[in-house]
Amino acid sequence: MRTLQRRNSAGQTTIGAVLVIALVIVGSTAVVALGDRALDDTRENSGLARAEQSMTLFDSQAAQVALGDASNQRVNFGERGGSYTVEDDAGWIEIIQLDCENDNVNDDADDVVDTSNTDEDDAYIMERKALGAMVHRTGDTEIGYQGGGVWRRGPDGGVEMVSPPEFHYRGATLTLPIVLTRGDGAVTGRASGTVEEGIRAKPVFPSGETFPSRCGGGDFVNPVRKGEVIVRIESRYARGWGRYFDARTSGEISYADRDGDGVEEVTIRLVSLENPGSFGMPGEGGSVTVPGTSDHNVEEFSLTLRPEDHDSANFNNLQWSMYIEEGDQQFELYFTKSGGSGCPSTGITADVTVYYSEDGGDNYEMWHANDVFEAKCEDRDGDGNDDEIYFEMSFVDDDDNDGDVSDAEGTDPTLDYTKNGDNMLKFKANGNLRNPSETFDSHSADVSWEGSQYDSGDTETVDRVLNHYFGMFDDELDLTVKDKPGGGGSVEETGPDSSSGVLDVPGGGKYVTYLHVTRNEIEVRLD
């Protein structure tokens, strides 16, 4: 019995030892396998990171050829893993003008150009062009250069932006140097090649092209006056394009696979709210875009002007204006300084002149008054030192809150219909003043005071004068800054706590005002 127990004990010990050894072997194998997999993942991620860096460098070199001064660049990708391929038919881009006849009706009920449709009211600004791409692939992950941007597409189809494309949209201005990739070649492992100039800065808009006759004709020129603009891109990286547009533009983004080829399209409707609201003052020659105001729908217009040197200047050389020039129509709101000294008791005032001509200056109307606005003093920069001088000017407002900005309120400054001898206006006023009388021809049935006749010396509130002349322009308009050159002491348009304004024009319409689109091609050769 004791011998049997000892034998059983020995057998159990042997079996236990074998099980322990087996577990060790299995565990070690698992650890090795997991370690190998982790090492493979690390190597792959490291390789993809290096590939991203290589493609970003390629992006920089390609931009020098497509948009810069270089005619060619030698590129070295330096990544041994994966493959590189030039795909000159990858994806496409098109730009379309919707409602090109500009009647606010989508006649064909879509946003696709089909010239065989008799109701077609859309037109190409740029017909569909293949974008092309330079692509690196490692396993199921690809990193692609397309349209001047670099994109990473994972196994699940998700797309991330590595480097942004050459596309800028701000306010109502689209700047789009379209970069198209052409060429051929496929290399596995370490790759190098050349990037050569194909087409550079070929104008798309504005250009010498014209709209189709069904759109009422007219040249491809700025500012855009017809309908709305969309940019549509089909790409494996469509979601990345869309997220970029959504973050950087005022566009409306949508996705679809309309042709059923499994590749998404992203459509960007380039819109900007009509109402400029509060705005920083543009610099000399810059503009504030204003929507159509023919219905006297300006609810507020005011300016805060500051001198170039906040702490010492006193508007000594104030000769500053905002003007509009649309065809033969000319408008100018012009300011000059009258007397006074510096803070704290200024006595400095601004004279105001309003000029309008509808025939290029041969004949004009002019309103003027001295000492319309008095400068104010305040420690605006909060430095505890001397106060800074500024003008606070209100032209259109509703001080009595009755909902009518054009009624004659006691607080409204008035201007005289008169001939003004100051020849510093941008438009010089060298034509014939419409004296001795002028009539505000009615262009809005809802405005009772239009139709009034003014003789030289008659007065009218600045609210009505400006609403009337703004209403003379049918479409959007640009208020452009004109400052006296040199000398200092005039208006500071840019910089900290600079001049600003408010222009409140409700209405809800949408528009794109300026397009700057060029076509650029690069040739990529791999070796």
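All of these numbers come straight from a predicted model, not from anything done at the bench.

Calculation criteria
- Residues numbered from 1 in each chain as written.
- Predicted model: local features only at pLDDT ≥ 70, side-chain atom pairs only at ≥ 80, totals over all residues.
- Heavy atoms only, no water.
- Phe/Tyr/Trp six-rings, centres within 6.5 Å; stacked < 30°, edge-to-face > 60°.
- Helix = DSSP H or I, 4+ residues; strand = E, 2+ residues; numbered from the N terminus.
- Lys NZ or Arg CZ within 6 Å of the ring centre and 35° of its normal.
- Salt bridge = Lys/Arg side-chain N within 4 Å of Asp/Glu carboxyl O.
- Buried < 20%, exposed > 50% of the residue type's maximum accessible area, 1.4 Å probe, protein only.
- Pairing = 2+ DSSP bridges.
- Disulfide = S-S within 2.5 Å.
- Axes fitted to C-alpha atoms, helices over the stretch in contact; angles between N-to-C directions.
- Contact = heavy atoms within 4.5 Å.
- Core = buried A, V, L, I, M, F, W, Y, C linked by side-chain atoms within 4.5 Å.
- Patch = residues over 30% accessible without salt bridge, like charges linked within 9 Å, V, L, I, M, F, W, Y side chains within 5 Å.
- Areas by Shrake-Rupley, 256 points an atom, 1.4 Å probe, with all protein chains shown as cover.
- Lys, Arg positive; Asp, Glu negative; His and termini not counted.
- Charge placed at Lys NZ, Arg CZ, Asp CG, Glu CD.

1. Here's the deal with the packing of aromatic side chains
Taken as a whole and judged by the stated rule, the model has 26 aromatic pairs. Their ring planes at 85° and their centres at 5.8 Å tell us that Tyr323 and Phe427 sit as a pair that is edge-to-face. Placement of Tyr323 in strand β19 (residues 319–326) and of Phe427 in the loop between β25 (414–417) and β26 (432–433) is noted, with a sequence separation of 104 residues between them. An aromatic cluster of at least three residues, connected via ring pairs, comprises Phe301, Trp320, Phe331, Phe335, Phe373, Phe395 and Phe470. Above the ring of Trp92, the side-chain terminus of Arg128 is found at 3.6 Å from the ring centroid. Above the face of the Phe427 ring, Lys426 is positioned so that its terminal group lies 5.5 Å from the ring centre.

2. Structural notes on the pattern of salt bridges
A complete count under the given rule lists 20 salt bridges for this structure. Where Glu264 meets Arg239, a salt bridge forms, and the shortest distance between an N and an O atom there is 2.7 Å. One end of the pair, Glu264, is in the loop between β14 (252–256) and β15 (265–270); the other, Arg239, is in helix α2 (residues 238–248), and 25 residues separate them in sequence. A relative accessible area of 26% means that Glu264 is categorised as partly exposed. Taking relative accessible area as the criterion, Arg239 reaches 36% and is therefore assigned partly exposed.

3. Points about the pairing of strand β1 (residues 72–76)
Residue alternation in β1 divides its side chains into a buried set, Gln73 and Val75, and an unburied set, Asn72, Arg74 and Asn76. When β1 meets strand β12 (residues 192–205), the two strands line up antiparallel, connected through five bridges. Counted as the bridge partner of Gln73 is Val195 from β12.

4. A few points about the state of the cysteines
Every disulfide links exactly two cysteines, by a covalent bond between their sulfur atoms. All chains considered together, the criterion is met by one disulfide. A disulfide bridge connects Cys100 with Cys215, and the sulfur atoms are separated by 1.9 Å. Torsion about the S-S bond of the Cys100 and Cys215 cystine: about -65°, corresponding to left-handed handedness. You can see Cys100 sitting in the loop between β3 (92–98) and β4 (123–130) and its partner Cys215 sitting in the loop between β12 and β13 (228–234), a full 115 residues away along the chain. Each member of the pair, Cys100 as well as Cys215, carries the same accessibility label: buried.

5. Structural notes on the sheet that holds strand β7 (residues 149–153)
Strands sit in the order β8-β7-β6-β5-β2-β11 across an open sheet of six strands; the sheet is antiparallel. Across the chains shown, the open sheet's two edge strands, defined by having one partner strand only, are β8 (159–163) and β11 (186–188). When strand polarity is set aside, the average angle formed by the axes of neighbouring strands in this sheet is 20°. Two strands pair when backbone bridges link them, and strand β6 (residues 141–146) and β7 are joined in this way by five bridges, in the antiparallel orientation. Across the sheet, the residue bridging to Tyr145 is Val150, located in β7. Contacting β6, β7 and β8, α2 crosses the sheet at an angle of about 65° to β8.

6. Examining the environment of Thr181
When you line up the elements, Thr181 lands in strand β10 (residues 173–184). With 51 residues separating them along the chain, Thr181 and Ala130 place their C-alpha atoms 8.3 Å apart. Every residue in contact with Thr181, bar those within four places of it in the chain, is listed here: Asp88, Leu131, Gly132, Ala133, Met134, Tyr145, Ile522 and Val524.

7. Focus on the nonpolar core
In this structure, Phe301, Phe331 and Phe395 are the most contacted members of the largest nonpolar core, which totals 49 residues. Every residue in contact with Phe395, bar those within four places of it in the chain, is listed here: Phe301, Ser302, Leu303, Leu333, Phe335, Phe373, Val462, Asp463 and Leu466. With 37 residues, the next largest nonpolar core counts Ile178, Val229, Val231 and Phe245 among its residues.

8. Topic: α2
Each full turn of the α-helix corresponds to 3.6 residues, which orients residues three or four apart in the same direction. Of the residues making up α2, those classed as buried are Ala238, Gly240, Trp241, Gly242, Tyr244 and Phe245. Tucked into the core, α2 has its buried residues touching β6, β7, β8, β13, β14 and β15.

9. A few points about a negative patch on the surface
A cluster of like negative charges, contributed by Glu101, Asp103, Asp107 and Asp119, occupies part of the molecular surface. With respect to the helices and strands, Asp107 occurs in the loop between β3 and β4.

10. A word on the side chain of Asp99
Along the chain, the position of Asp99 falls in the loop between β3 and β4. Among all residues touching Asp99, those that are not within four sequence positions of it are Asn104, Val105, Asp121, Asp122, Lys226 and Gly227.

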